[in-house]
Amino acid sequence: MPDPASPPVAPAATAESSRAAILAGTLAVLAGACVIGFAAILVKASDLGPQATAFWRLTLALPALALWLALHRHGKDTPPVQPRMRLIALAGVFFAMDLAFWHVGINITTAANATLLANLTPILVALFSWLIFRETVTRGFIMVCAVMLTGAALLAGGNLTIDPDRLTGDVFSVLTAFWYAAYLLTVRKARDGASAPRVMFLSTLIAAPIALAITLAFGEPLLPESWQGWVPLILLGVVVHAGGQGAIIFGLGRIPAPVAALLLLIQPIVAAAAGWVLFDEALSGVQLLGAAIILAGLYVAQLKGAARHPNVPRDPE
């Protein structure tokens, strides 16, 4: 029986709180996507091989993530129960494989091919959400997803190539989308019972030694030759992983994984803009049209509700 001294919670207030949580999650995922859009540039700037760079990205993020966990506003943030811990462990494995496959693919195929194929994630997330979790995926979501992927293809522009010699890299890039889709879905479930900093810290702690084993298997050197070589690695770890990926994990506690995956398609726009500003890489009219289509798709998805999804996760925070 409810306490008669406690005022009832107004439905309008509950709805308003839910809308605020969804807005916060949406903005967090968009901000995180913008930050990790710089990942490819920093990977190319690294003196180390792709697998060693992935290892340091994860390892150098751990102190920042440990600080986030320690400063978490809920001092009573208890460890997740065993089923959630298994999900977090799986998330760590999936993310380590995502980085490994993406770094291999981007070094075999073109950057445009790797980026476009890796961005198949929203389709896979929506498909697996429906097949595994029996979650409703609206027709509007599918339409917006198709439109935004078309925009991503146009943004890649004339850099897309079909080359049998690069087919292995294309396959690795497609598999990257599978690994990242598995990561997003696993984290989405884990966030139902664990806070963002705990999920980020523990999954990264699990992913780092896997990345180290892959680095050693590839025979890549582990240390940069100069102190300048540490700069892109620190930025990848602290800014991109702890900051950008952390924001995405935070948002996944407030919005469904299919919608979050759709929002991540803003990454190619950020990467293209960064290439234009930093490396004077001019954008063609077709590429600008692709960027406009992606932004229009985001507008429709968020403001018109085409990608609205009924299964919103419960954030424990």
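Draft legend 1. View of the environment of valine 300. Among the secondary structure elements, valine 300 is positioned in helix α13 (residues 285-303). Overall, valine 300 belongs to the partly exposed group, its relative accessible area being 31%. Between the C-alpha atom of valine 300 and that of phenylalanine 141, which follows or precedes it by 159 residues, the distance is 9.7 Å.

Draft legend 2. Spatial organisation of helix α10 (residues 230-252). Taking 1.5 Å per residue, 23 residues should reach 33 Å; α10 reaches 30 Å between its end C-alpha atoms and fits that length. At valine 240, α10 is deflected by roughly 30°, the largest bend along its length.

Draft legend 3. Representation of the side chain of glutamate 220. For glutamate 220, the location among the structural elements is in the loop between α9 (196-218) and α10. Although glutamate 220 lies buried, it forms no salt bridge, and the closest oppositely charged side chain, arginine 57, sits 14 Å away as judged by the N-O distance. There is a polar contact of 2.8 Å between the side chain of glutamate 220 and the backbone nitrogen of alanine 52. In this view, glutamate 220 contacts Gly49, Pro50, Gln51, Ala52 and Thr215; residues no more than four positions away in its chain are not counted.

Draft legend 4. Up close: α9. Relative to the 33 Å expected for 23 residues at 1.5 Å per residue, α9 spans 32 Å between its end C-alpha atoms, a close match to the ideal helical length. Where α9 ends, the next residue or the one after it, glycine 219, has phi of about 70°, a positive value.

The rules behind the values
Residues numbered from 1 in each chain as written. Predicted model: local features only at pLDDT ≥ 70, side-chain atom pairs only at ≥ 80, totals over all residues. Heavy atoms only, no water. Helix = DSSP H or I, 4+ residues; strand = E, 2+ residues; numbered from the N terminus. Buried < 20%, exposed > 50% of the residue type's maximum accessible area, 1.4 Å probe, protein only. Expected span 1.5 Å × (residues − 1). Bend = angle between axes of the 7 residues up to and from the residue. Lys, Arg positive; Asp, Glu negative; His and termini not counted. Salt bridge = Lys/Arg side-chain N within 4 Å of Asp/Glu carboxyl O. Polar contact = N/O pair within 3.5 Å; in protein donor to acceptor, adjacent residues only side chain to side chain. Contact = heavy atoms within 4.5 Å.

So, to be careful, I would describe these as geometric facts and stop short of saying anything about function.
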